[in-house]
Amino acid sequence: MGSQVAPMVPSPITVPAPEPQPGILTFDQILAPPAPTSSAPPVAPAPASLPSRPTPVRGVSTGGLAAELASVLAEVLTVEHVPVDSNVFDDLGADSMVMTRFCARLRKRDDLPSISIRDVYANPTIAGMAAAAAPAAGSSATQAAPTVAAPPVTPVRHSTAGYLLTGALQLLTFLAYATGVGYVMDRVYTWILASNGPLDIYLRSVVAGGAAILAMCVLPIVAKWLLIGRWTEREIPIWSLRYFRFWLVKTLTRANPLVLVMVGSPLYTLYLRALGAKVGRNVVVLTRHLPVATDLLTIGAGTVIRKDAVLLGYRAHAGRIQTGRVTLGRDVVVGEKSVLGIGTAMGDGAQLGHASSLHRGQAVPAGQSWHGSPAVPTTTDFRAVPATRVRALRSLAYVTSQVVKLFALYVPLVFGGMVLVLTQVPGLGEPLKPGATEHTDAQFYLNAVTESALVVVGGLLAGLLVVFTVPRLLAPFVRPDRVYPVHGWRYSLHRTITRLTNIRLFVYLFGDSSFIVGYLYVLGYRLGKVEQTGSNFGSNLNQETPFLTSVGRGTVVADGLSVVNADFSNTSFRTSRVAIGADNFLGNNIAYPVGGRTGDDCLLATKVAVPIDGPLRQGVGLLGSPAFEIPRTVKRDRVLEIDATERRRRLRRKNAHNLGTMALALVVRWGHILGLLLLGLLALNQYADLGPAAFAGEMAATVLFTMLWFVLWERISTGFRRLRPKSCSIYDARFWRHERYWKLMVPPLDRMLAGTPFKNLLMRLLGVKIGRRVYDDGAAVLERTLTTIGDDCTLNFGSIIQCHSQEDGAFKSDHIVIGSGVTLGVGAFVHYGVTIGDGAEIAPDSFVMKGEEIPAGSRWGGNPARELVEPPAGSTGTSLAVPPTGNRHRAAVGDRCVPPALSWGGDDDPGAERSGVARRGRRSAGRHRRARLQPASGRRARRAATTG
């Protein structure tokens, strides 16, 4: 590897006072080691730190090193000579993929320094890289520091028998659940069908449907306490009986109907408390990613957790489920798309910015603001909206209104509406009548075809009518730049606008085509004079209000953009306009917040943290979290550009192709609805003979049919062949066919298979070269046939494997190869052309850039990802100098919450809790507990009596 790092000593570490930052780090701030200060409170460091500079090589002069680096880059560029003073991007035409391959080739040379992609952007000439990497003459850097050797990594090999038995138990559980639901639905609808008149149908629907919903809400709570009890910090082997209990509780808690409709409501925090979480007063939780190990979650009073934040309380690591504490103090702010790993903490008043993460062992001291992945201190204030006075009964009134709407409107609509359809729609209720027509009759299928077509066409038109009209009627009541209290009627209107304008079906249908521009314009976006590209927006886009979203001319947006139009405190919220400049390109998975400081002609790379203060950036690219500047474009991408006349001609052809793709997508969806309707009618037809078992069989058949139907069409879209790597213009027919592949991909229904062997079976059907006994907790694999995953890998929730990239008018794709025993952390993103060696680990929320080669057994993390320095063997790190958790800490959640003491077990040492220090700590705690339980005697009793 050629890396040399100084030995790490387990001594107290302090966090420096953060330097003023304009929301975006300079390279000196990124690369320079912080100077210690005694005024900051001690804090537990991250379990692995990033090297501060390119690793120097002893005994190599700067000139000789520059020549060696130039020869390596010449090999990568396949040219004879590379000038050492030329800019590798502007002069040589290299792009980020070329330079990541250059960095990977350096890591294979022991005689050359290890240079990361950050170092390349900081020093874009060979001479600059050599000067930064070579040691200064006579400096202490010339003294070779002992290299810390990482322990050998042996990929975990799961038990095949345990893998199969766990899958069998999961299948039996699903069948038992389907049987129970079938029996309940039979009783409910039998009772409602016996009603007389519409009013009686409504009243019976309220009673029966309400009882069914309450049972579904209570079942996860009961299951959690019966099967798990209290969550503790533990390790659970995957594919074991203990894991099966974990999976069952996780699945049931996330299936609660409250999770779907009560996000951002006090009912959501009440549900967390019922599951064992310690949640203070006036907490606002806006994320749909429900924590699982709830007893290990502490949220202090007044805390705000923003949309798409992830704090699960567990992670999958090297074949084991590890649970750990997540402790948030009072008045904490957690930003959009942020990830909090286990063993993390934030003190009172602390803030974590958007697109940031805390790795295991990190803690944000009270009152400080951190951002980045992994997070570092900053002076940026992410608390943008002032608090307001809230009346004591406001939350109660809001919850009451939600409950009334749920049980008086939604429940009767679902249950009573189905009865009205069965009894009033001609032909649909025929199977329920004595002597009904058998399913072998042609009229049976003709009715199903007609009714399913009405459902698809009528539902699409009615949905568009509602989406285009109702939010516009509600928007004037929520005025921009005005502070409103949360849990009021304007807050309810804002949430309704957000839900109605983010129906995934319409963006999926119109996205990746010219028609998405018209849809967004009618929806409420301010687009100005559009420069149509045919791919202005992808098919995965959301916003909090379209009426305050502006996108400039010529801007292209890839999938995963989240426009953050609203700021929240624990008592108030405010909506504001978000303006994205002209001629921009936005990569995947970006949260663009209010006040984003980017202007025209910017490239925002995948997973970038958009700065919200400092100067306005124009004509540059931004990469990483914290963000730093990179070139806007390179010569290699310009060769794919075409002139305006040719572009207009190809755009017409592309529009025709995309229109055919949309029509085919609707046909596929119509076929899916028809199949579901036929299964329902068959269940009704067999009801007289089978009773509730007919509905249970329908549920199982529905899941199986859905998966096989979309698998078939996804494979048809590629002609049952494997995708091939390509580099072409977006006006090339090869790209249009790839867009059709995206449109016909299996929808996210496969998430119900997360954590089961059946997810791997589905991936094989879709063409993924996947190994044995892989644990997939909900990862997204976008180009299946370009992906290879080895045996016994661990893929965490929210991780993404994406084998393509689109930048402006260029489209590129390539293979991704993941070795055996690899762990992808929560929210990790692996880009195209990446190779990951056996036993490697990618830390949470990391971004592995295109073309990267990660050695076997190494640990990488960050955004962009780079190799993390392993702590030396036996190091236990430091702890926060705060009181330990206990009864007093738990009682203080609603008043004052401080982070617990954290030991640096780290991601690299999952068994650190079994170390001698931890055992001695537990023995000491046990002695104290026994001393409190035993009666005092002798001198101790007299001292106790004297002190009262």
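Worth saying up front: this structure is predicted, and the values here are computed from it rather than measured.

Some details on the overall build of the protein
No. 1: Check the secondary structure of the protein and you find 24 helices and 47 strands.
No. 2: For the protein, contacts bridging at least 24 residues in sequence account for 60% of all contacts bridging at least 6.
No. 3: As displayed, the protein offers around 39,600 Å² of accessible surface, 61% of which is attributable to carbon and sulfur atoms.

Looking at helix α6 (residues 160-193)
No. 1: Given a rise of 1.5 Å per residue, 34 residues ought to cover 50 Å, and the 49 Å separating the end C-alpha atoms of α6 matches this to within 8%.
No. 2: For α6, the full list of buried residues reads Gly162, Tyr163, Thr166, Gly167, Gln170, Ala178, Gly182, Asp186, Val188, Tyr189 and Ile192.
No. 3: One side-chain oxygen at the N-terminal end of α6 lies 3.4 Å from the backbone nitrogen of Ala161; it belongs to Ser159.

Digging into the side chain of Ser338
No. 1: Relative to the assigned elements, Ser338 resides in the loop between β9 (333-334) and β10 (339-340).
No. 2: At 3.4 Å, the side chain of Ser338 forms a polar contact with the backbone nitrogen of Ser356.
No. 3: Setting aside chain neighbours within four positions, we find Ser338 in contact with Asp308, Ala309, Val310, Leu352, Gly353, His354, Ala355 and Ser356.

A few points about the nonpolar core
No. 1: Core analysis: the largest hydrophobic core is formed by 82 residues, its most contacted members being Tyr519, Leu520, Leu561, Ile789, Ile818, Leu824 and Ile836.
No. 2: When residues no more than four places from it in sequence are discounted, the contact partners of Ile818 are Thr788, Ile789, Gly790, Cys793, Ile801, Leu824 and Ile836.
No. 3: If you look at the next biggest cluster of nonpolar residues, it comprises 39 residues, including Leu69, Leu73, Ile115 and Met849.

Details of the sheet that holds strand β36 (residues 800-801)
No. 1: The strand order across the open sheet built from four strands is β33-β36-β41-β44, with neighbouring strands paired in parallel fashion. Each edge of the sheet is formed by a strand with only one pairing partner; in this case those strands are β33 (780-781) and β44 (847-848).
No. 2: Relative to strand β41 (residues 829-830), β36 runs parallel, the two being bridged by two bridges. Across the sheet, the residue bridging to Ile801 is Val830, located in β41.

Here's the deal with the packing of aromatic side chains
No. 1: As enumerated under the stated definition, the model contains 24 aromatic pairs in all.
No. 2: Look at Phe735 and Trp742: their rings are 6.1 Å apart centre to centre, the planes differ by 80 degrees, and that puts the pair in the edge-to-face class.
No. 3: Residue Phe735 is classed as buried on the basis of its relative accessible area of 0%.
No. 4: Put simply, the rings of Tyr163, Trp231, Trp239, Tyr243, Phe246, Tyr314 and Tyr775 pair up and form one aromatic cluster.
No. 5: Seen from the ring of Trp225, Lys224 lies directly overhead, with NZ or CZ sitting 3.4 Å from the centre.

So, a nonpolar patch on the surface
No. 1: Among the surface-exposed residues, Leu169, Leu171, Leu172, Leu175 and Leu241 lie close enough to one another that they form a single nonpolar patch of about 450 Å² accessible area.
No. 2: A total of four residues in the nonpolar patch trace back to one element, the largest contributor, which is α6.
No. 3: Structurally, Leu175 is set in helix α6.
No. 4: The exposure class assigned to Leu175 is partly exposed, which follows from its relative accessible area of 36%.

Details of the sheet that holds strand β23 (residues 572-575)
No. 1: If you walk across this open sheet you meet the three strands as β17-β23-β22, and the pairing is antiparallel. Pairing within the sheet leaves two strands with one partner each, and these edge strands are β17 (484-485) and β22 (566-568).
No. 2: Where β22 meets β23, three bridges bridge the pair, whose relative direction is antiparallel. Residue Ala566 lies in a different strand from β23, and its bridge partner there is Thr575.

Re helix α8 (residues 241-254)
No. 1: With 14 residues, α8 should reach 20 Å at 1.5 Å per residue; the first-to-last C-alpha distance of 20 Å fits that figure.
No. 2: For α8, the complete set of buried residues consists of Tyr243, Phe244, Phe246, Trp247, Leu248, Val249, Lys250, Leu252 and Thr253.

Some remarks on the packing of helix α7 (residues 197-227) against α8
Helix-helix packing is characterised by the crossing angle of the two axes and by the distance between the axes.
No. 1: Where α7 contacts α8, the axes come no closer than 8 Å and their chain directions differ by 160 degrees. Between α7 and α8, the interaxial angle falls into the category roughly antiparallel. Both α7 and α8 take part in a crossing whose hand is left-handed. Together, Leu219, Pro220, Ala223, Lys224 and Leu227 of α7 and Arg245, Leu248, Val249, Leu252 and Thr253 of α8 make up the contact between the two elements.
No. 2: Split by residue class, the contact of α7 with α8 holds seven nonpolar, one polar and two charged.

As for the pattern of salt bridges
Pairing of side chains with opposite charge becomes possible as their charged atoms draw close.
No. 1: With the rule as written, the count across this model stands at 35 salt bridges.
No. 2: The shortest N-O distance in the salt bridge between Arg101 and Asp814 comes to 3.8 Å. Residue Arg101 is located in helix α3 (residues 96-107), and its partner Asp814 is located in the loop between β38 (810-813) and β39 (816-818); the two are separated by 713 residues in the primary sequence.
No. 3: The residue Arg734 makes a salt bridge to Asp732 at a minimum N-O spacing of 3.3 Å.

Regarding unusual backbone geometry
No. 1: Cis geometry marks the peptide bond from Ser373 to Pro374; its omega dihedral reads -10 degrees.
No. 2: Tracing the sequence through the fold places Pro374 in the loop between β15 (369-371) and β16 (376-378).
No. 3: Following Ser625, the chain continues to Pro626 via a peptide bond in cis, the omega torsion being 0 degrees.
No. 4: Mapped onto the fold, Pro626 is located in the loop between β28 (621-623) and β29 (628-630).
No. 5: Notably, Ala318 is not glycine yet its phi reads approximately 50 degrees, a positive angle.
No. 6: With respect to the helices and strands, Ala318 occurs in the loop between β6 (314-317) and β7 (320-323).

Some details on the environment of Ser799
No. 1: Take Ser799: it is sitting in the loop between β35 (794-795) and β36.
No. 2: The spatial distance from the C-alpha of Ser799 to the C-alpha of Phe847 is 10.0 Å, given a sequence separation of 48 residues.
No. 3: Setting aside residues no more than four positions away along its own chain, Ser799 makes contact with Ala779, Ala780, Leu824, Gly825, Gly827 and Ala828.

Observations regarding the packing of α6 against α8
No. 1: Where α6 meets α8, the axes come as close as 10 Å, and the angle between the chain directions of the two elements is 35 degrees. Crossing geometry of α6 relative to α8 is assigned as right-handed. Of the residues in α8, those touching α6 at Thr166, Leu169, Gln170, Thr173 and Tyr177 are Leu241, Tyr243, Phe244, Trp247, Leu248 and Leu252.
No. 2: For the contact of α6 with α8, the residue count by class is eight nonpolar, three polar and no charged.

What counts as what
Residues numbered from 1 in each chain as written. Predicted model: local features only at pLDDT ≥ 70, side-chain atom pairs only at ≥ 80, totals over all residues. Heavy atoms only, no water. Helix = DSSP H or I, 4+ residues; strand = E, 2+ residues; numbered from the N terminus. Contact = heavy atoms within 4.5 Å. Areas by Shrake-Rupley, 256 points an atom, 1.4 Å probe, with all protein chains shown as cover. Expected span 1.5 Å × (residues − 1). Buried < 20%, exposed > 50% of the residue type's maximum accessible area, 1.4 Å probe, protein only. Polar contact = N/O pair within 3.5 Å; in protein donor to acceptor, adjacent residues only side chain to side chain. Core = buried A, V, L, I, M, F, W, Y, C linked by side-chain atoms within 4.5 Å. Pairing = 2+ DSSP bridges. Phe/Tyr/Trp six-rings, centres within 6.5 Å; stacked < 30°, edge-to-face > 60°. Lys NZ or Arg CZ within 6 Å of the ring centre and 35° of its normal. Patch = residues over 30% accessible without salt bridge, like charges linked within 9 Å, V, L, I, M, F, W, Y side chains within 5 Å. Salt bridge = Lys/Arg side-chain N within 4 Å of Asp/Glu carboxyl O. Axes fitted to C-alpha atoms, helices over the stretch in contact; angles between N-to-C directions. Parallel < 35°, antiparallel > 145°, perpendicular 65-115°, else oblique. Left-handed = near helix turned anticlockwise from the far one by under 90°. Nonpolar A, V, L, I, M, F, W, Y, C, P; charged D, E, K, R; others polar.

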